[in-house]
Amino acid sequence: MVYGFGAYFTLLPGTDISSILLIYGFPMSILGFALSYAQLPPVSCKTTRAAFDLRGSQMTDIQKQIREDTTRYRYGDEKHLDEALDKIWKFGRQGNPPKKMCPTLKGLREEVVDGAYCLTLEFESKLELSIWEDRQPKIQSFFGPGIAAKVLPTEQGVDVQLISDGSGAGRGGGEKKDVLPPLMPGLPARQQ
């Protein structure tokens with residue numbers, strides 16, 4: 001876009017393409033600025049060799065989705081796991097914490113706990129540990145099946161351990177095939 005302005009005012013060579021550079025450069029610059037404003041950087045994920053070896057055999061689909069979604073750039077989200085935290089905590093509703101007390105995900109750790117694969121979510125939180133412990137069953141049921149959840153206090157907040165229980169529940173449904181519309185009304189949907 002800057003080159004287009006320079007070429008348009010004949011300060012730089014290329015006056016014949018300056019209008020194209022301005023026409024396409026301005027919207028592209030605005031789009032780039034908007035995306036950089038809405039960008040949410042990924043969180044770090046620390047992995048031990050033992051956890052990496054167990055990942056293929058014990059990791060549930062939910063654990064995989066959490067790891068993949070939080071370790072990549074996101075656009076338009078306020079914070080990682082924003083919707084999940086809202087469903088678990090129900091911020092702003094009567095008897096629940098206000099939205100400004102929402103914990104922030106600061107990192108992930110893949111570990112082995114009692115011989116099982118564990119994905120630990122590291123939260124920075126202003127909420128008391130007793131409130132987290134009250135929500136532990138809700139956290140377990142939200143991220144389950146096949147997961148046992150533990151809440152552990154840390155210096156900066158709370159660690160939530162999502163430990164694979166070894167039952168095999170919650171695994172294997174990762175790749176769902178597309179459902180096609182029925183050929184005629186009254187027929188069942190077709191699987192691809």
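Here's a quick rundown of the structure. (Residues numbered from 1 in each chain as written. Predicted model: local features only at pLDDT ≥ 70, side-chain atom pairs only at ≥ 80, totals over all residues. Heavy atoms only, no water.)

**Things to note about the environment of Thr48**
Working step 1: By the element assignment, Thr48 lies in the loop between β2 (44-47) and α3 (49-58).
Working step 2: Setting aside anything within four residues of it in sequence, one finds Thr48 in contact with Glu110 and Glu111.
Working step 3: Of the polar contacts made by the side chain of Thr48, one reaches the backbone nitrogen of Ala51; its length is 3.2 Å. (Helix = DSSP H or I, 4+ residues; strand = E, 2+ residues; numbered from the N terminus. Contact = heavy atoms within 4.5 Å. Polar contact = N/O pair within 3.5 Å; in protein donor to acceptor, adjacent residues only side chain to side chain.)

**A word on the packing of aromatic side chains**
Working step 1: Inspection of every chain in the model, using the stated rule, returns 4 aromatic pairs.
Working step 2: Aromatic side chains Trp89 and Phe91 sit 6.1 Å apart centroid to centroid with 20° between the ring planes, which places their arrangement in the stacked category.
Working step 3: Classification of Trp89 by relative accessible area gives buried; the value is 1%.
Working step 4: With centroids separated by 5.1 Å and ring planes inclined at 90°, the aromatic side chains of Phe142 and Phe143 adopt a geometry described as edge-to-face.
Working step 5: Ring pairing ties together the aromatic residues Trp89, Phe91, Phe123 and Trp132, which thus form one cluster. (Phe/Tyr/Trp six-rings, centres within 6.5 Å; stacked < 30°, edge-to-face > 60°. Buried < 20%, exposed > 50% of the residue type's maximum accessible area, 1.4 Å probe, protein only.)

**Quick word on the environment of Met101**
Working step 1: Summarising the element assignment, Met101 is placed in the loop between α5 (82-89) and β4 (104-113).
Working step 2: Separated by 26 residues in sequence, Met101 and Leu127 have C-alpha atoms that sit 6.7 Å apart.
Working step 3: What Met101 contacts, discounting residues up to four positions off in sequence, is Phe91, Lys126 and Leu127.

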